[in-house]
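Structural overview
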Amino acid sequence: MRLEIKDVHKSFGEKKVLNGISFAADSGKAFGLLGRNGAGKTTTIRILMDVFPADSGEVMLDGQAIDHHKVGIGYLPEERGLYPKKKIIDQLVYFSELKGMKYADAVKAIDYWLERLGMTEHRNKRLDTLSKGNQQKIQLVTALAHDPQIVVLDEPFSGLDPVNAMLLKDVVREEIARGKIVLFSSHQMNYIEEFCDSIAILNSGHVVLSGDLHDIKRNYTRDKLILRSENAGQIQAELGASCTRNGEDELLIRLASPADKQRTMQMLTQKYDIDEIRVFEPSLNDIFVEYAGDQE
């Protein structure tokens, strides 16, 4: 499957929120939709989910206008939307039935996910008796129980301890391996970098950068090296101003030109005991700050 957002515009009164955004996400991969608060991410997600229509533009699935009656979308919102005083199993069944599942099928799917997430013992409890992290896992069940083709995860790791974060990582990988289209929206760049093959960065309702994350990084000028060595002090003294500390035994070396890369690496490895030397690539956080740092 291929999901395409094509030239989508959206305004609320005088405020233009989306200014012709376009990007594409493929099944069996994770896609990162990034931007600062107010950049247009939530509006984009709501148009995708048919909460409200775009003013113009299209949401396409495999080259056709998406049919929300036939295509399942699972949504894990940043702001949780369950009923704190209601029994967990009752509201999970309710939400599954709203998405077209029969009662028996809903109960079977919910019990599977409760067991998968280690939540079976809480099946008949009220939601407000659970910790924030466990409430997050119950919310995740509502997104996955109806086996959607498209899964939208908005700040999915918020409130999760490291053990539950690892469990959620495993679940996300399973959904990707099953051929789902998985869309991440998060400010936690380490998770986006870990999971996402492609990204789109929104700034003031425009897509300012999109594409394969590996290719985006490769397209940056490759004129810096990262070096780790017990001789870091000696190397820094020799290279002078072109070399700065990046950690106790780690240096960042700025080259006069990318063409100097091989010669410099060869010179250093021949002269010093080097533990690691590689071309510096910007982190996703570096890229995000560059493209989303200024917003009108």
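Structure: see above.
This is a predicted model, so every value here is computed, not measured.

**Some points on the pattern of salt bridges**
- Counted under the stated rule, the structure contains 20 salt bridges.
- Across the pair Lys180 and Glu175 runs a salt bridge whose closest N-O atoms are separated by 2.8 Å.
- Since its relative accessible area comes to 6%, Lys180 is described here as buried.
- Judged by its relative accessible area of 3%, Glu175 falls in the buried class.
- Between Asp260 and Arg263 there is a salt bridge, with the nearest N and O atoms lying 3.9 Å from each other.
- Note on Arg263: relative accessible area 52%, which makes it exposed.
- Where salt bridges share partners, they join Asp147, Glu175, Arg178 and Lys180 into one cluster.

**Digging into the packing of helix H4 (residues 132-144) against helix H5 (residues 162-177)**
- Relative orientation of the contacting elements H4 and H5 amounts to 10°, with a least axis distance of 11 Å. On the basis of the axis angle, H4 is roughly parallel to H5. Of the residues in H5, those touching H4 at Asn134, Lys137, Leu140 and Leu144 are Asn164, Leu167, Leu168, Val171 and Glu175.

**A word on the packing of aromatic side chains**
- Counting across every chain of the model gives 8 aromatic pairs.
- Seen from their ring centres, Phe23 and Phe31 are 5.0 Å apart, and the 15° between their planes marks the pair as stacked.
- Accessibility expressed as a relative area gives 8% for Phe23, which makes it buried.
- Ring centres 6.1 Å apart and planes at 10° place the aromatic pair Tyr83 and Phe95 in the stacked group. Linking Tyr83 in the loop between strand S6 (73-76) and helix H2 (88-98) with Phe95 in helix H2, this pair joins segments that are 12 residues apart in sequence.

**Looking at H5**
- End to end, H5 covers 22 Å across 16 residues, agreeing with the expected 22 Å (1.5 Å per residue, within 8%).
- Considered for burial, the residues of H5 that qualify are Asn164, Ala165, Leu167, Leu168, Lys169, Val171, Val172, Glu175 and Ile176.
- In this fold, the buried residues of H5 make contact with strand S3 (29-35), helix H3 (103-116), H4, strand S7 (150-154), strand S8 (181-185) and helix H6 (189-195).
- Two or three places before Val163, at the opening of H5, Asp161 has a side-chain oxygen 3.0 Å from that residue's backbone nitrogen.
- Of the residues one or two after H5, Gly179 is the one with positive phi, at around 90°.

**Structural notes on the nonpolar core**
- Counting residues in hydrophobic clusters, the biggest one holds 52 residues, and the most contacted among them are Ile110, Ile138, Phe184 and Ile199.
- Sequence-distant contacts of Phe184, that is, excluding residues within four places in its chain, are made with Ala30, Phe31, Gly32, Leu33, Leu153, Pro156, Phe157, Val172, Ile192, Phe195 and Cys196.
- Grouped together as the second largest cluster of nonpolar side chains are 26 residues, Leu3, Ile45, Leu183 and Ala200 included.

**What about the sheet that holds strand S13 (residues 250-254)?**
- On the basis of which strands lie adjacent, the open sheet formed by 4 strands has the order S12-S13-S11-S14 and antiparallel pairing. Here the strands that pair on one side only, and so sit at the sheet edges, are strand S12 (243-245) and strand S14 (276-279). Along the sheet, successive strands turn relative to each other by an average axial angle of 20°, direction set aside.
- Of the strand pairs in this sheet, S12 and S13 are connected by 3 bridges, and their pairing is antiparallel. Bridged to Thr244 within S13 is Leu252.

Cut-offs and rules
- Throughout this document, residue positions are counted from 1 along each chain, in the order its sequence is written.
- Only residues with pLDDT of at least 70 are given local features in this predicted model, and only at 80 or more are side-chain atom pairs given and counted; all residues enter the totals for whole chains, interfaces and linings.
- In computing side-chain properties, one takes all heavy atoms of the structure into account and sets aside hydrogens as well as water.
- One speaks of a salt bridge when a side-chain nitrogen belonging to Lys or Arg is within 4 Å of a carboxyl oxygen belonging to Asp or Glu.
- Each residue gets one of three labels from its accessible area relative to the maximum for its type: buried under 20%, exposed over 50%, partly exposed in between, using a 1.4 Å probe on protein chains only.
- The axes used here are C-alpha line fits, helices contributing only the stretch in contact, and every angle between their N-to-C directions lies in the interval 0 to 180 degrees.
- Helix and strand definitions here come from DSSP, where helices need a minimum of 4 consecutive H or I residues and strands a minimum of 2 consecutive E residues; each element is numbered from the N-terminal end.
- For classification purposes, angles smaller than 35 degrees are called roughly parallel, those larger than 145 roughly antiparallel, those between 65 and 115 roughly perpendicular, and all remaining angles oblique.
- We call two residues contacting when some pair of their heavy atoms lies within 4.5 Å.
- By convention, a stacked pair of Phe, Tyr or Trp rings (six-membered ring in the case of Trp) has centres within 6.5 Å and planes under 30 degrees apart, an edge-to-face pair has planes over 60 apart, and any other such pair is tilted.
- Each residue after the first adds 1.5 Å to the expected span of a helix.
- Under this definition, polar contacts are N or O atom pairs within 3.5 Å; protein pairs additionally need one hydrogen-donor-capable and one acceptor-capable atom, and for neighbouring residues in sequence, both atoms have to be side-chain atoms.
- Buried Ala, Val, Leu, Ile, Met, Phe, Trp, Tyr and Cys residues form a nonpolar core when they are joined through side-chain atoms within 4.5 Å.
- Note on pairing: DSSP must find at least two bridges between two strands before they are called paired.

Remember, this is a structural readout, not a statement about activity or role.
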